[in-house]
Amino acid sequence: MCGIVGYVGKKEAKPVLINGLLRLEYRGYDSAGIATIEDNHLIKVIKDKGRVNQLNENAEINSLTGTIGIGHTRWATHGKPSGVNSHPHLDNSRCFAVVHNGIIENYAELKEFLISKNYTFLSETDTEVIPNLINYYYENSSNSSLEGNEKFLKAVIDATKRLKGSYAIEVLSSLYPDCMIVVRKDSPLVIGKGENENYISSDIPAILSFTKDFYLLNDREFALITRNDIVFYNENAEKIQKEIKNITWDAGAAEKDGYDDFMLKEIYEQPKSIRETIGSRLPKDSISVIEDLALSKEYLESIKKIFIVACGTAMHAGLTAKGIIENLCEIPVEVEAASEFRYRNPIVNSRTLCIYISQSGETADTIAALKLAKSKDAKTIAITNVIGSSISREADYTLYTHAGPEIAVASTKAYTSQIVLLAILAINFAETLDINNSKVRELKKEILLLPGKIEEVLKNEQEIKEFANRIYKEKDVFFIGRGVDYTVALEGSLKLKEISYIHSEAYPSGELKHGPIALIENGITVISILTNPLLVEKSISNIQEVVTRGAKTFVVTNQELNHNFDKVIKIPETSPLISPILSVIPLQLLAYFISKAKGLDVDKPRNLAKSVTVE
Ligand code: F6R
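The paragraphs below set out a description of the structure included in this document. Sequence order sets the numbering: in each chain, residues are counted from 1 along the sequence as written. At least 70 in pLDDT is required for a residue's local features to be given in this predicted model, at least 80 for side-chain atom pairs to be given and counted, and no such filter applies to totals for whole chains, interfaces and linings, which use all residues. Just so you know, side-chain values use all the structure's heavy atoms and leave hydrogens and water out.

**Some details on the site of the ligand**
Moving on, step 1. The cutoff for a nearby residue is simple: one of its non-hydrogen atoms must lie within 4 Å of the molecule or strand. The environment of the ligand is made up of 15 residues, and the closest members are Ser358, Gln359, Ser360, Thr363 and Glu498.
Moving on, step 2. Polar contacts, as used here, are pairs of N or O atoms within 3.5 Å; protein pairs need one atom able to donate a hydrogen and one able to accept it. Residues neighboring in sequence count only if both atoms are side-chain atoms. Taking threonine 363, its side chain carries an N or O atom lying 2.4 Å from an oxygen atom of the ligand.
Moving on, step 3. Glutamate 498 places a side-chain nitrogen or oxygen 2.5 Å from an oxygen atom of the ligand.
Moving on, step 4. Surface accessibility follows the Shrake-Rupley procedure with a 1.4 Å probe radius. Residue values consider only the protein chains on display as shielding. When isolated, the ligand has an accessible area of 410 Å², and the protein chains bury 89% of it.

**Observations regarding the pairing of strand β25 (residues 567–570)**
Moving on, step 1. Burial of the side chains of β25 is restricted to one face: Lys567 and Ile569 are buried, whereas none of Val568 and Lys570 on the reverse face is.
Moving on, step 2. Two strands pair under a simple rule: DSSP has to find at least two bridges between them. Numbered from the N terminus, helices here are DSSP runs of H or I no shorter than four residues, and strands are runs of E no shorter than two. Two strands pair when backbone bridges link them, and strand β24 (residues 552–557) and β25 are joined in this way by 4 bridges, in the parallel orientation. Residue pairing for β25: valine 555 is matched across the bridge by valine 568. Residue exposure (1.4 Å probe, protein chains only): buried if accessible area is under 20% of the type maximum, exposed if over 50%, otherwise partly exposed.

**A word on the packing of helix α9 (residues 312–329) against helix α13 (residues 413–433)**
Moving on, step 1. What counts as an axis is a line fitted to C-alpha atoms, over the stretch in contact for a helix, and the angles between N-to-C directions run from 0 to 180 degrees. The interhelical angle for the contact between α9 and α13, taken along N-to-C directions, is 25°, at an axis separation of 9 Å. Accordingly, the angle class assigned to the pair α9 and α13 is roughly parallel. In this structure, α9 meets α13 at a crossing whose hand is right-handed. Counting all contacts with α9, which are made through Thr313, Ala314, His316, Ala317, Thr320, Ala321, Ile324, Ile325, Leu328 and Cys329, the residues of α13 involved are Tyr415, Gln418, Ile419, Leu422, Ala423, Ala426, Ile427, Phe429, Ala430 and Leu433.
Moving on, step 2. Charged means Asp, Glu, Lys or Arg here, nonpolar means Ala, Val, Leu, Ile, Met, Phe, Trp, Tyr, Cys or Pro, and polar covers whatever is left, Gly included. Looking at the contact of α9 with α13 residue by residue, the classes come out as 16 nonpolar, 4 polar and no charged. Each angle is binned into one of four classes, with values under 35 degrees roughly parallel, values over 145 roughly antiparallel, values of 65 to 115 roughly perpendicular, and all other values oblique. Left-handed describes a crossing whose near helix is turned anticlockwise from the far helix through less than a right angle; right-handed describes the clockwise counterpart. We call two residues in contact whenever any of their non-hydrogen atoms come within 4.5 Å of each other.

**Looking at the sheet that holds strand β8 (residues 180–185)**
Moving on, step 1. The sheet built from 7 strands is open, its strands ordered β5-β6-β7-β8-β12-β13-β14 with antiparallel pairing. The open sheet is flanked by β5 (89–90) and β14 (239–240), the only strands paired with a single partner.
Moving on, step 2. Where strand β7 (residues 165–173) and β8 come together, 5 bridges link them in antiparallel fashion. For glutamate 170, the partnering residue across the bridge sits in β8 and is valine 182.

**Re the layout of surface pockets**
Moving on, step 1. Taken as a whole, the largest pocket encloses approximately 510 Å³ of empty space.
Moving on, step 2. The set of elements that each furnish at least two residues to the lining of the largest pocket consists of α9, β18 (352–358), α11 (364–375) and α16 (484–500).
Moving on, step 3. Here the lining of the largest pocket is composed, by residue class, of 12 nonpolar, 10 polar and 5 charged.
Moving on, step 4. Residues from two domains meet in the lining of the largest pocket; each of domain 2 (264–436) and domain 3 (459–597) gives at least three. A cavity here means a set of points on a 1 Å grid, drawn over the protein atoms and nothing else, where a 1.4 Å probe fits but cannot get out; a pocket is an open set with protein on both sides within 12 Å along at least five of seven lines, and a residue lines either one if it has an atom within 4 Å of a point. Grid points are joined across faces, edges and corners, and a volume is the space filled by probe spheres set on the points. Here the bounds of each domain stem from an automatic or database domain assignment.

**Here we look at the side chain of serine 273**
Moving on, step 1. When you line up the elements, serine 273 lands in helix α7 (residues 270–278).
Moving on, step 2. A polar contact of 3.3 Å, which involves the side chain of serine 273, links it to the backbone oxygen of glutamine 270.
Moving on, step 3. Look past the residues within four positions of serine 273 in its chain and what remains in contact with it is His402, Ala403, Lys413 and Ser417.

Right, dumping it as structure tokens:
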């Protein structure tokens, strides 16, 4: 996690860095800091515990006038949030300043090595070894013939060769006041090219208002960046060429557009994001088209199992997709948390297809799980929202959700777009296999109707808000559902706990009686999702069982119910295979309004970060 930003140009760096950091705060907000090279060629650092806005209010910040600088917003891993543990970190000579996103796994060993060479450390972080290692290699370079920037570059290359783990790093040096060196491995980093100025960031949206031309670094590629030039090198210090990518996203997509919070904006964007996900993939009079995916009928017939692997909300999208793929393609699907999959030696071979879902495309566990399947000869498909993200560079095939930037930490529109894209994938497989044609036709029709139906669901906002205001002080909430509704219960429960800090649990309705019902007591809130007409009677009996024990009930349904539940949110009918795309929306809104009623920071819940680049 953590966000890093950099600027090399003619303007003052500080406002650019603060602007970028504010947009990267979703990656962590335990502390913030910036460093610039000033006119006297000295590096000046201002950093502290707390958020970017606090940093910006620091009286000293106006003393930074340099036109080259680096910035960092932190999600603490090694060392508690504090001023001294904040980035940027300097080496002992104060000649090198570093910001870092990732984890240096062998930092203890490197620290010991550096201490044996008389280096001292101020912080508890893993990062502080990096500027000191750079200093060490700078002072002890084996190649004394190197001159100018190349000596600086060589020291950074040599130092990073010693690092184990993940990193995106920006390095400034007072000895080379006109340039910056950056490198990445398993953590994201992009370089934006401007006119006589260049920008660096952990993601594209943070600097999209300055440029639309980007270079995407691959693992262990270095860039030496000056105001007028960006030169790329491999780890042998040989120059390499990289292609520039023009990003067509609208910079306004990363703004709140009059909404109080990004989360609410993103909930309301779902009709649009789903239209974008569908794009031209479901043409009216012919079979589905998935760009860049070429899996033959023979290959699909040879598959014995599909794994869907992901984390958190993305895994919940996978749970819904399991039902769609099994139903349409008749291939067994197993869904697993990436953090479990990667360490349990799963049975994967050339007859297994592995699908990885990641909004950010940077989740460390998901990427590691993908690499594992590749090493076992399985084909891999990545479903991601971020163009050029790390996962897209690892997978055999990458399918983009095209949901637009998702800024709120709690995922909403990415989840619904993931389900839509997986449903289109299932349709594509079934069409290739030439099976279940009428089910495929029916599902296609229903997918195309989703944007309009989501608009209908959003009209329930006021009623949902009123219920949120009734229950926001509660300590425990239960979510129940059967079949596909259970997968939505899991997602609703996750949304609630992460942004409202209310303890919540999700159970398959039929499981209540096997233990959890002991927790149901007078006044407790039970949220039920009830969309499958075949399971209505059974699900209603389960709701009645909790009502009998005094529970308040909030029911999301597409059925006509003649029962006296506390609140019923009626949603349009759709195919039971994709009903989560509609039924999740009241749950997203409920979590949102509960968090607002509690006065919490909806977009940046405590302890979380949007992009989990550490395991
Ligand atoms: C919850 C949420 C997380 C993410 C998870 C995976 O609202 O957003 O559970 O879904 O961290 O992130 P990605 O999809 O970026 O791999």
